[in-house]
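# Remarks on the overall topology
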Amino acid sequence: LGQAGYHVVKSPRENFVFAALISAVDPVATLATFSKLGLDNTQPLLHTMIFGESVVNDAVAIVLFTTINEGWDELSWYTATGDICWLLFGS
C-alpha cells in the first residue's frame, strides 16, 4: 500500500495518534447528518446528548494526542497517567 501512495502505519505510536485523531470525527459527522435531516429541531434531546458526547470525545482526543506526541520515548504508565490527569483536571 505504501508504494501505491497510501501511508502505511507501522509503529504503535502512529496507530495511537491516528486513533486519537479519527475518534473525534465520528460525532461531528453524526451531528452534521442530523442537522441536514432537520433532526436537530425535531429531536433536541438527541442532539444535545450527541453534542455533549462530542465535546467530551474531542477533549479526550486532544489529551491522548498530546500525551502520545510529547515524550513518546520516555512514556510509561506513570507519566501517561500523570499527563492525562493534568490535562483533564488541571487545565
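Residues numbered from 1 in each chain as written. Predicted model: local features only at pLDDT ≥ 70, side-chain atom pairs only at ≥ 80, totals over all residues. Heavy atoms only, no water.

### Brief notes about the overall build of the protein
Scanning the protein for helices and strands turns up 5 helices and 0 strands. The order of helices and strands in the protein, counted from the N terminus, is α-α-α-α-α. Over its C-alpha atoms the protein spans a radius of gyration of 17 Å, topping by over 25% the 12 Å that the globule rule assigns to 91 residues. Principal-axis analysis of the C-alpha atoms places the extent of the protein at approximately 50 × 45 × 15 Å. Evaluated residue by residue, the protein yields a buried proportion of 15% over its 91 residues. (Helix = DSSP H or I, 4+ residues; strand = E, 2+ residues; numbered from the N terminus. Rg over C-alpha atoms; globule rule 2.2 N^0.38 Å. Buried < 20%, exposed > 50% of the residue type's maximum accessible area, 1.4 Å probe, protein only.)

### Observations concerning the confidence of the model for the protein
Of the residues in the protein, 95% reach a pLDDT of 70 or more, and the chain-wide mean stands at 80. The secondary structure element of the protein with the lowest average pLDDT is helix H5 (residues 77-89), at 81, and the one with the highest is helix H3 (residues 39-42), at 84. (pLDDT = per-residue confidence, 0-100.)

### Concerning helix H4 (residues 44-69)
The end-to-end C-alpha distance of H4 is 37 Å, a good match for the 38 Å that 26 residues give at a rise of 1.5 Å each. The inward-facing, buried residues of H4 contact helix H1 (12-23), helix H2 (26-37) and H5. Directly beyond the C-terminal end of H4, a positive phi value near 75 degrees is found at Gly71. (Expected span 1.5 Å × (residues − 1). Contact = heavy atoms within 4.5 Å.)

### Concerning the packing of H4 against H5
Each pair of packed helices can be summarised by the angle the axes make with each other and by the distance between the axes. Taken N-terminus to C-terminus, the directions of H4 and H5 make an angle of 140 degrees; their axes are 10 Å apart at the nearest point. Overall, the two elements H4 and H5 adopt an arrangement that is oblique. As for the relative orientation of H4 and H5, their crossing is right-handed in sense. Note on element contacts: H5 touches H4 through Ala80, Asp83, Ile84, Leu87 and Leu88, opposite Val63, Leu64, Thr66 and Thr67. Residues that form the contact of H4 with H5 fall into these classes: 6 nonpolar, 2 polar and 1 charged. (Axes fitted to C-alpha atoms, helices over the stretch in contact; angles between N-to-C directions. Parallel < 35°, antiparallel > 145°, perpendicular 65-115°, else oblique. Left-handed = near helix turned anticlockwise from the far one by under 90°. Nonpolar A, V, L, I, M, F, W, Y, C, P; charged D, E, K, R; others polar.)

### Brief notes about the environment of Leu31
Its place among the elements puts Leu31 in helix H2. For the pair Leu31 and Thr48, spaced 17 residues apart in sequence, the C-alpha to C-alpha distance is 9.8 Å. The contacts of Leu31, once residues within four sequence positions are left out, are His47, Ile50, Phe51 and Ser54.

### Considerations on the side chain of Asn57
Relative to the helices and strands, Asn57 resides in helix H4. The exposure class assigned to Asn57 is buried, which follows from its relative accessible area of 17%. Look past the residues within four positions of Asn57 in its chain and what remains in contact with it is Ser23, Ala24 and Pro27.

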